[in-house]
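One-letter residues, chain by chain:
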Amino acid sequence: MAPDANAGTDQHITEVSGTGVPIPGDDVDTDQILPAQFMKEVTFDNMADYLFYDARRDEDGEFNDHPLNRFEGASIAVVNSNFGCGSSREHAPQAMMRWGVDGVVGESYAEIFRDNCKSLGIPAVTADHETVVELQEWIEANPDGHIDIDVKNETVTYGDTVIDVDVDDAMREALVEGIWDTTALMYSNRSKVDETVADLPYVEGDD
């Protein structure tokens, strides 16, 4: 069950699944994931088009054999160490989400990148180096193979293999309890927000 921020009031994310895309390499920073020249746009609407923009193209601007070109339609990204390092731009996970990524399995993440994933309802779980590499190799051999991330029970299943993964406590609570979307949370508690605002001495005027 992939997360869908527009699926109504049920924001509980206990499980995401789909085919995988391996994105190998340590220290893949946010400028590689979403090059800075595309941050001038005022919305995130076109971010999927710019995901790994430079890495996915050859010198003539044509698509190369980058995994995102070969595994189009995948929804589980499998990455290595310190993924999403560099600047804190939210555009990077936004681009991944809009391309179709519903969950990420990796060795480790930059803290802000992981928190941005949480805010978008994207589980970013971790496993050790050997486990991640084995999963990446399995995806290469099984491009149509199904991968399931169980957020609640902290496991990843692929083929006949079940592996234990770690989910940051704050991320696990937010996803499982359905409190990751802070905007939706504020709207659902609009009356309480209005009451608080009404009591603030420095807020004046009508709604």
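Everything numeric here is computed off the predicted structure, so don't read it as measured data. (Residues numbered from 1 in each chain as written. Predicted model: local features only at pLDDT ≥ 70, side-chain atom pairs only at ≥ 80, totals over all residues. Heavy atoms only, no water.)

Visitor: Just checking my understanding: could you explain the environment of Arg114 for this structure?
Guide: On the secondary structure map, Arg114 appears in helix H5 (residues 111–119). For the pair Arg114 and Val104, spaced 10 residues apart in the sequence, the C-alpha separation amounts to 9.7 Å. Beyond its immediate chain neighbours, meaning those up to four positions away, Arg114 contacts Tyr109, Ala124, Asp168 and Met171. (Helix = DSSP H or I, 4+ residues; strand = E, 2+ residues; numbered from the N terminus. Contact = heavy atoms within 4.5 Å.)

Visitor: Looking at this structure, how should I read the sheet that holds strand E6 (residues 147–150)?
Guide: Picture the strands of a sheet paired through backbone hydrogen bonds; they go either parallel or antiparallel. Read across the open sheet, the 4 strands follow the order E1-E6-E7-E8; overall the sheet is antiparallel. Each end of this open sheet is capped by a strand with a single partner; those strands are strand E1 (15–18) and strand E8 (161–164). Within this sheet the neighbouring strands show an average axis-to-axis angle of 15°, counted without direction. Relative to E8, strand E7 (residues 155–158) runs antiparallel, the two being bridged by 4 bridges. Pairing of Thr157 across the sheet is with Val162, part of E8. Packed onto the sheet, helix H6 (residues 129–141) meets E6, E7 and E8 and runs at close to 30° relative to E7. (Pairing = 2+ DSSP bridges. Axes fitted to C-alpha atoms, helices over the stretch in contact; angles between N-to-C directions.)

Visitor: Explanation requested: the packing of helix H4 (residues 91–99) against H5 in the structure shown.
Guide: The description of two packed helices rests on the angle between their axes and on the distance between the axes. Two numbers describe how H4 lies on H5: the axes approach to 9 Å, and their chain directions differ by 45°. Between H4 and H5, the interaxial angle falls into the category oblique. Crossing angle aside, the handedness with which H4 passes H5 is right-handed. For the pair H4 and H5, contact is made by Ala92, Pro93 and Met96 and by Phe113, Asn116 and Cys117, respectively. Broken down by class, the residue content of the contact of H4 with H5 amounts to 5 nonpolar, 1 polar and no charged. (Parallel < 35°, antiparallel > 145°, perpendicular 65-115°, else oblique. Left-handed = near helix turned anticlockwise from the far one by under 90°. Nonpolar A, V, L, I, M, F, W, Y, C, P; charged D, E, K, R; others polar.)

Visitor: I tried to follow H5 on my own but got confused; where do I start?
Guide: Residue pairs three or four apart in sequence face the same way in an α-helix, which turns once every 3.6 residues. Residues of H5 that are buried: Phe113, Asn116 and Cys117. Buried residues of H5, seen end-on, are gathered within an arc of 105° and therefore sit on one face of the element. Packing partners of the buried residues in H5 comprise helix H1 (30–33), H4, strand E5 (124–126) and helix H7 (169–177). Backbone geometry just after H5 places Gly121 at a positive phi near 80°. (Buried < 20%, exposed > 50% of the residue type's maximum accessible area, 1.4 Å probe, protein only. Arc of directions from axis to C-beta.)

Visitor: How should I be thinking about the pattern of salt bridges in this particular structure?
Guide: Should the charged atoms of two oppositely charged side chains come close, the side chains can pair. Here the structure, examined in full by the defined rule, presents 4 salt bridges. Two residues, Arg89 and Asp31, come together in a salt bridge whose shortest N-O distance is 3.1 Å. Of this pair, Arg89 sits in the loop between strand E3 (76–79) and H4 while Asp31 sits in helix H1, and the two are 58 residues apart along the sequence. Residue Arg89 is classed as buried on the basis of its relative accessible area of 12%. Overall, Asp31 belongs to the partly exposed group, its relative accessible area being 38%. Its salt-bridge partner being Arg172, residue Glu154 comes within 4.0 Å of it at the nearest N-O pair. On the criterion of sequence distance, the pair formed by Glu154 in the loop between E6 and E7 and Arg172 in helix H7 is long-range, its members being 18 residues apart. With a relative accessible area of 25%, Glu154 lands in the partly exposed category. Residue Arg172 is classed as partly exposed on the basis of its relative accessible area, which comes to 29%. (Salt bridge = Lys/Arg side-chain N within 4 Å of Asp/Glu carboxyl O.)

Visitor: Please clarify how the sheet that holds strand E4 (residues 103–106) should be interpreted in this entry.
Guide: The strand order across the open sheet formed by 4 strands is E2-E3-E4-E5, and the pairing between neighbours is parallel. Two strands lie at the open edges of the sheet, namely strand E2 (20–23) and E5, each paired on one side alone. Taking the axes of each pair of neighbouring strands and ignoring which way they run, one obtains an average angle of 20° across the sheet. Of the pairings in the sheet, the one linking E2 to E3 comprises 4 bridges and is parallel in character.

Visitor: In this structure, what is going on with the nonpolar core? I would like to understand it.
Guide: Within soluble globular proteins, side chains that are nonpolar tend to cluster in buried spots. If you look at the biggest cluster of nonpolar residues, it comprises 55 residues, and the most contacted ones within it are Ile33, Phe83, Met96, Val104, Phe113, Leu135 and Val156. Excluding its chain neighbours within four sequence positions, the residues that come into contact with Phe83 are Ile23, Val28, Ile33, Phe52, Met96, Ser108, Tyr109, Ala110 and Phe113. (Core = buried A, V, L, I, M, F, W, Y, C linked by side-chain atoms within 4.5 Å.)

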